[in-house]
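Here's the letter readout for the chains.
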Amino acid sequence: MKTLGEVRKEILVRLGFSDTQGHDNNKSLIDGIIEHAQNQLFFQYDFLLNRKVANKAIVAGSTLYDFPTDCDYRQIVDVVITNDSGKYVRLTNGINYLDENIDERSIPVKYDVRDGQVLLNPVPDKGYTIRFEYYEKPARLTQDADQLSLDDEIVFILALIDIKNHYKMDSSTEQQQFKAQLDKKRDASLGQKRFYRKWRH
């Protein structure tokens, strides 16, 4: 993956600047747009993302747990728990006030998100292992050496479109390139049970 500094340099060149010309004046703007483009792709196009799995041990009597550090709770694919037979059982998403009124402790069968943490229900009666399946969230881009998390070609072209639109420049060619690249990535992902979402830029 290319770094933030490398992508910024390519964008400046495509805009007609030299390697250093306009760098200081445009650095913050371009960096922000690159990061925004990466985040936009993260929430719109599942087939571009890295799917991950992480296990977490839970204990009796405790219902709130942190998600994995590289997990955005808005991009959870599945949460499962290992039962007494060692089999994975999928937890249902959604806990209401009636569920929380249940006093009996047992193996959790539901989960929800509360203040950025995962809430389990019912209250665990003993220790279990839960498994998160999720899409890895993009890394923050703050330093020139920071690497992009998603496909750098697609992040680059989307950021270039946004910057050209910001400066009221024609971006029709880049939009065609963006669509062609997305179609290529989508076709490559067929059979992997990913979903293509219409671009709403």
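Residues numbered from 1 in each chain as written. Predicted model: local features only at pLDDT ≥ 70, side-chain atom pairs only at ≥ 80, totals over all residues. Heavy atoms only, no water.

## Some remarks on the sheet that holds strand S5 (residues 92–93)
Inference 1: Here we have four strands laid out as an open sheet, ordered S2-S7-S6-S5, and mixed in their pairing. Because the sheet does not close on itself, it has two edges, and the strands there are strand S2 (64–66) and S5.
Inference 2: Examined bridge by bridge, S2 and strand S7 (residues 117–121) share three bridges and lie antiparallel to one another. Its bridge partner lying in S7, Asp66 is registered against Gln117. (Pairing = 2+ DSSP bridges. Helix = DSSP H or I, 4+ residues; strand = E, 2+ residues; numbered from the N terminus.)

## Comments concerning the sheet that holds strand S8 (residues 128–136)
Inference 1: Spatially, four strands are ordered S1-S8-S3-S4 in an open sheet, and the strand pairing comes out antiparallel. Because the sheet does not close on itself, it has two edges, and the strands there are strand S1 (51–58) and strand S4 (88–90). The mean inter-strand angle of the sheet, taken between neighbouring strand axes irrespective of direction, is 35 degrees.
Inference 2: Judged from the six bridges that link them, strand S3 (residues 71–82) and S8 form a sheet pairing that is antiparallel. Paired with Cys71 across the two strands is Glu136, which belongs to S8. (Axes fitted to C-alpha atoms, helices over the stretch in contact; angles between N-to-C directions.)

## Side note on the nonpolar core
Inference 1: In terms of nonpolar packing, the biggest core is built from 30 residues, with Ile11, Ile34, Leu41, Leu48 and Phe178 touching the most fellow members.
Inference 2: Breaking this core down by element, the ones donating at least two residues are helix H1 (4–14), helix H2 (23–44), helix H4 (152–166) and helix H5 (172–189).
Inference 3: For this core, the leading source of residues is H4, giving nine residues.
Inference 4: Excluding its chain neighbours within four sequence positions, the residues that come into contact with Leu48 are Leu41, Leu150, Ile154, Leu182 and Lys185. (Core = buried A, V, L, I, M, F, W, Y, C linked by side-chain atoms within 4.5 Å. Buried < 20%, exposed > 50% of the residue type's maximum accessible area, 1.4 Å probe, protein only. Contact = heavy atoms within 4.5 Å.)

## Quick word on the pairing of S3
Inference 1: Here S3 pairs with S4 via three bridges, running antiparallel. Residue pairing for S4: Ile81 is matched across the bridge by Val89.
Inference 2: Counting the residues that bridge the hairpin from S3 to S4 gives five residues, and of these Gly86 lies at a positive phi of roughly 80 degrees.

## Thoughts on the side chain of Asp78
Inference 1: Relative to the helices and strands, Asp78 is located in strand S3.
Inference 2: A distance of 3.1 Å separates the side chain of Asp78 from the side chain of Arg90, its partner in a polar contact.
Inference 3: Leave out the neighbours within four places in its chain, and Asp78 touches Arg90, Arg131, Phe132 and Glu133. (Polar contact = N/O pair within 3.5 Å; in protein donor to acceptor, adjacent residues only side chain to side chain.)

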